[in-house]
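# Topology and contacts: notes
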Amino acid sequence: MPEFDWRSPDSFKSLENAEITHIAWEGLRMNVDYQRDYEAMIVNSPDGEVTEEFRRRWGICFRP
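Residues numbered from 1 in each chain as written. Predicted model: local features only at pLDDT ≥ 70, side-chain atom pairs only at ≥ 80, totals over all residues. Heavy atoms only, no water.

## Quick notes on the pattern of salt bridges
If you walk through the whole model with that rule in mind, you get seven salt bridges. Across the salt bridge formed by R36 and D37, the nearest N and O atoms sit 3.4 Å from each other. Between E52 and R56 there is a salt bridge, and its shortest N-O distance comes to 3.3 Å. With E52 and R56 both in helix α3 (residues 52-58) and four residues apart, this pair spans about one turn of that helix. A single salt-bridge network, built from bridges that share partners, covers D33, R36, D37, E53 and R57. (Salt bridge = Lys/Arg side-chain N within 4 Å of Asp/Glu carboxyl O. Helix = DSSP H or I, 4+ residues; strand = E, 2+ residues; numbered from the N terminus.)

Encoded structure:
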């Protein structure tokens, strides 16, 4: 398994053309607190939809 050197600029070449929203999403989805809140919200959601409160809490509100 190759080792990742976070200090090396070459390690981030693949991110040069990435959308900032994709980078932000990757960070958020790996957040243990987010995962816990998401699971709790889905269990308590009658229709399985993400609530407005949840979106605001985690900063995933996007305007058209």
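## Observations concerning the confidence of the model for the protein chain
Per-residue pLDDT for the protein chain averages 83, and the proportion of residues at 70 or more is 92%. Here helix α1 (residues 20-29) stands out as the element of the protein chain with the lowest mean pLDDT, 86, in contrast to helix α2 (residues 32-44), whose mean of 92 is the highest. (pLDDT = per-residue confidence, 0-100.)

## Remarks on a nonpolar patch on the surface
A cluster of nonpolar side chains, namely F4, W6, F12, L15, I20 and I23, defines an oily patch on the protein surface of about 640 Å² accessible area. On the basis of relative accessible area, F12 is assigned to the partly exposed category, the value being 34%. (Patch = residues over 30% accessible without salt bridge, like charges linked within 9 Å, V, L, I, M, F, W, Y side chains within 5 Å. Areas by Shrake-Rupley, 256 points an atom, 1.4 Å probe, with all protein chains shown as cover. Buried < 20%, exposed > 50% of the residue type's maximum accessible area, 1.4 Å probe, protein only.)

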